[in-house]
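# Results of the structural survey
Okay, here's what each chain looks like letter by letter:
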Amino acid sequence: MSTLLELAASLVESHASTTAMTTEQLLEEINLVYKTLKNLEEGVAVPVIAEVNAPTISAKQSIRPNEVICLICGKGGMKTLSRHLSTAHDMKPGEYKRQFGIASNQPLTAKKFSESRKKFALDRGLADNLAKARAVRMANIAEAKGTKVKKAPQAKKAVKKV
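The structure contained in this document is the topic of the report that follows. (Residues numbered from 1 in each chain as written. Predicted model: local features only at pLDDT ≥ 70, side-chain atom pairs only at ≥ 80, totals over all residues. Heavy atoms only, no water.)

## Structural notes on the overall build of the protein chain
Using the following cut-off: Numbered from the N terminus, helices here are DSSP runs of H or I no shorter than four residues, and strands are runs of E no shorter than two. Each residue is placed in one exposure class: buried if its accessible area under a 1.4 Å probe, protein chains only, is under 20% of its type's maximum, exposed if it is over 50%, and partly exposed if it falls in between. The contact definition used throughout considers only heavy atoms, calling two residues in contact when any of these lie within 4.5 Å. Exposure was quantified through the Shrake-Rupley algorithm and a 1.4 Å probe, taking into account, for residues, occlusion by the shown protein chains and nothing else.
Check the secondary structure of the protein chain and you find 7 helices and 0 strands. The N-to-C order of helical and strand elements in the protein chain reads α-α-α-α-α-α-α. Within the protein chain, the fraction of its 162 residues that count as buried is 17%. Long-range contacts, defined here as pairs at least 24 residues apart, represent 43% of the contacts in the protein chain between residues at least 6 apart. Accessible area of the protein chain: about 12,900 Å², with a carbon and sulfur share of 57%.

Encoded structure:
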């Protein structure tokens with residue numbers, strides 16, 4: 001059978017594999033888990049630690065130019081929040097926005113990241129491709145219904161400055 005320290009290290013290792021932690025945080029967590037396991041083994045009542053859901057910053061402050069900070073756990077340094085919400089908190093972006101009163105049209109991405117992705121899409125002509133695909137789709141739907149469809153307006157092309 002494993003020792004309590006091995007069990008504590010295994011539990012913390014599992015947690016650390018999904019959450020970035022500093023050396024101090026790892027040691028602190030191993031100590032906390034070990035003490036809790038020891039208390040459980042000795043039959044001592046273990047206090048329940050209530051999870052605090054009150055964010056330390058406002059929703060507006062959590063979306064910064066270069067990073068997004070999770071209002072649930074406080075983790076920062078991310079460019080986008082969607083994947084973190086699904087993996088770490090089993091939550092969808094819509095639920096997160098409702099919980100913290102964030103507008104539904106507010107993207108959960110760093111502002112500069114959003115701007116760079118928009119510039120990338122414009123430079124590659126993705127707006128034109130989307131407009132063409134929508135026009136083809138509408139034409140196919142209209143053909144299936146037996147009606148005529150107006151031609152879709154052409155998307156504006158991005159002008160590159162030299």
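Having seen the model, we can carry on.
## What to know about the packing of helix α1 (residues 4–16) against helix α2 (residues 23–42)
The description of two packed helices rests on the angle between their axes and on the distance between the axes. Selection criterion: Axis angles are defined between N-to-C directions and span 0 to 180 degrees, where every axis is a line fitted to C-alpha atoms and, for a helix, only to the segment in contact. Note on angle classes: values under 35 degrees are labelled roughly parallel, values over 145 roughly antiparallel, values of 65 to 115 roughly perpendicular, and the remainder oblique. What makes a crossing left-handed is the near helix being turned counterclockwise from the far one by less than a right angle; a clockwise turn instead makes it right-handed.
Viewed as axis vectors pointing N to C, α1 and α2 meet at an angle of 130°, and their least axial separation amounts to 9 Å. Between α1 and α2, the interaxial angle falls into the category oblique. The two elements α1 and α2 cross, and the hand of that crossing is right-handed. Contacts between α1 and α2 involve Leu-4, Leu-5, Leu-7, Ala-8, Leu-11, Val-12, His-15 and Ala-16 on the former and, on the latter, Leu-26, Glu-29, Ile-30, Val-33, Tyr-34, Leu-37, Lys-38 and Glu-41.

## Focus on the pattern of salt bridges
Just so we agree on the cut-off: Think of a salt bridge as a Lys or Arg side-chain nitrogen and an Asp or Glu carboxyl oxygen that are within 4 Å of each other.
Under the defined criterion, the tally for this structure stands at 3 salt bridges. Here Glu-67 makes a salt bridge to Arg-64, at a shortest N to O gap of 3.3 Å. Judged by relative accessible area, which is 22%, Glu-67 ranks as partly exposed. You can call Arg-64 partly exposed: its relative accessible area is 34%. Two residues, Lys-119 and Asp-123, come together in a salt bridge whose shortest N-O distance is 2.9 Å. One end of the pair, Lys-119, and the other, Asp-123, are both in helix α6 (residues 111–123), 4 residues apart, so they sit about a helical turn from each other. Under the relative-accessibility criterion, Lys-119 is labelled exposed at 52%.

## Digging into unusual backbone geometry
Look at Asp-90: it is not a glycine, yet its phi comes out positive at around 50°. With a relative accessible area of 69%, Asp-90 lands in the exposed category.

## Section: the nonpolar core
Quick reminder of the rule: Throughout, nonpolar core names a set of buried Ala, Val, Leu, Ile, Met, Phe, Trp, Tyr and Cys residues whose side chains join them through atoms within 4.5 Å.
If you look at the biggest cluster of nonpolar residues, it comprises 14 residues, and the most contacted ones within it are Cys-70, Ile-72, Leu-81, Leu-85, Tyr-96 and Leu-108. Leave out the neighbours within four places in its chain, and Cys-70 touches Lys-75, Met-78, Leu-81, His-84, Leu-85, His-89 and Tyr-96. Listed in part, the 5 residues of the second largest apolar core include Leu-4, Ala-8, Val-33 and Leu-37.

## A look at the side chain of Glu-29
Our working rule: Counted as positive: Lys and Arg. Counted as negative: Asp and Glu, with His and the chain ends omitted from the count.
Secondary-structure assignment places Glu-29 in helix α2. No salt bridge forms around the buried Glu-29; measuring N to O, its nearest opposite-charge neighbour Lys-75 is 13 Å away. Sequence-distant contacts of Glu-29, that is, excluding residues within four places in its chain, are made with Val-12, His-15 and Met-21.

## Overview of the environment of Ser-58
As for its placement among the helices and strands, Ser-58 is situated in the loop between α2 and α3 (59–62). Residue class for Ser-58 comes out partly exposed when judged on its relative accessible area of 33%. Separated by 42 residues in sequence, Ser-58 and Phe-100 have C-alpha atoms that sit 8.7 Å apart.

## Focus: the side chain of Ser-62
Turning to its location among the elements, Ser-62 is positioned in helix α3. For Ser-62, a relative accessible area of 2% puts it in the buried group. Discounting residues that sit within four places of it in the chain, Ser-62 has contacts with Ile-57, Glu-67, Val-68, Ile-69 and Leu-71.

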